[in-house]
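Okay, here's what each chain looks like letter by letter:
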Amino acid sequence: LENMSREEYGFLYGEELAQLIDALDSPRVGACWDTGHAHVAGVDHAKELRALGSRLKALHVQDNDGRSDGHTAPFFGTIDWPAFMAALRGIDYTGPFTFEAHNIVRRLPASCQGTAARLLYEIGAALAGE
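This write-up is about the structure you can find in this document. (Residues numbered from 1 in each chain as written. Predicted model: local features only at pLDDT ≥ 70, side-chain atom pairs only at ≥ 80, totals over all residues. Heavy atoms only, no water.)

1. Describing the packing of helix 2 (residues 14-24) against helix 4 (residues 45-52)
Turning to step 1, where the next piece is worked out: Direction vectors running N to C along helix 2 and helix 4 enclose 20°, while the axes themselves pass 7 Å from each other. Relative to helix 4, the element helix 2 is oriented roughly parallel. As for how helix 2 packs across helix 4, the hand of that crossing is right-handed. Seen from helix 2, the contacting residues are Gly14, Glu15, Leu17 and Ala18; seen from helix 4, they are Glu48, Ala51 and Leu52. (Axes fitted to C-alpha atoms, helices over the stretch in contact; angles between N-to-C directions. Helix = DSSP H or I, 4+ residues; strand = E, 2+ residues; numbered from the N terminus. Parallel < 35°, antiparallel > 145°, perpendicular 65-115°, else oblique. Left-handed = near helix turned anticlockwise from the far one by under 90°. Contact = heavy atoms within 4.5 Å.)

Following this line, the structure appears as structure tokens:
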């Protein structure tokens, strides 16, 4: 279950999302945290991730300006990435780290898209501390 806009979709964040997952009581149900959706909603990533804890199974990693869902690379918006990564480490997250940052790639000429994809890889490695 992905965190989405409460106003648009009625979906929930953090503790409420955790309660829904617990109520469904299935090992096949978990949370997918979309960093951009959370940033636009103005939620505290660390607090919400702590509430999800081991229920967090996947990430959609993207950045934006906090006003609209930009789907760009980390550090190209205003999310506090060191704090976000500290929160992930705090809940011992070991799941997938999936970029949903297509706008940094698709707007470029085809000859530059491979370079942009490599940049995303390097950003991911830097966030992971590699």
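2. Notes on unusual backbone geometry
Turning to step 1, where the next piece is worked out: In this model, Phe75 sits at a positive phi of 80°, which is unusual for a non-glycine residue.
Turning to step 2, where the next piece is worked out: Inspection of the secondary structure puts Phe75 in the loop between strand 2 (56-61) and helix 5 (81-90).
Turning to step 3, where the next piece is worked out: You will see that Asp92, though not glycine, has its phi angle at about 60°, which is positive.
Turning to step 4, where the next piece is worked out: Relative to the assigned elements, Asp92 resides in the loop between helix 5 and strand 3 (98-99).

3. Quick word on the sheet that holds strand 2
Turning to step 1, where the next piece is worked out: With respect to topology, 3 strands assemble into an open sheet ordered 1-2-3, the strand pairing being parallel. Either end of the sheet is taken by a strand with one partner, and the two such strands are strand 1 (31-34) and strand 3.
Turning to step 2, where the next piece is worked out: As paired elements, strand 2 and strand 3 share 2 bridges and run parallel to each other. Counted as the bridge partner of Val61 is Phe99 from strand 3. (Pairing = 2+ DSSP bridges.)

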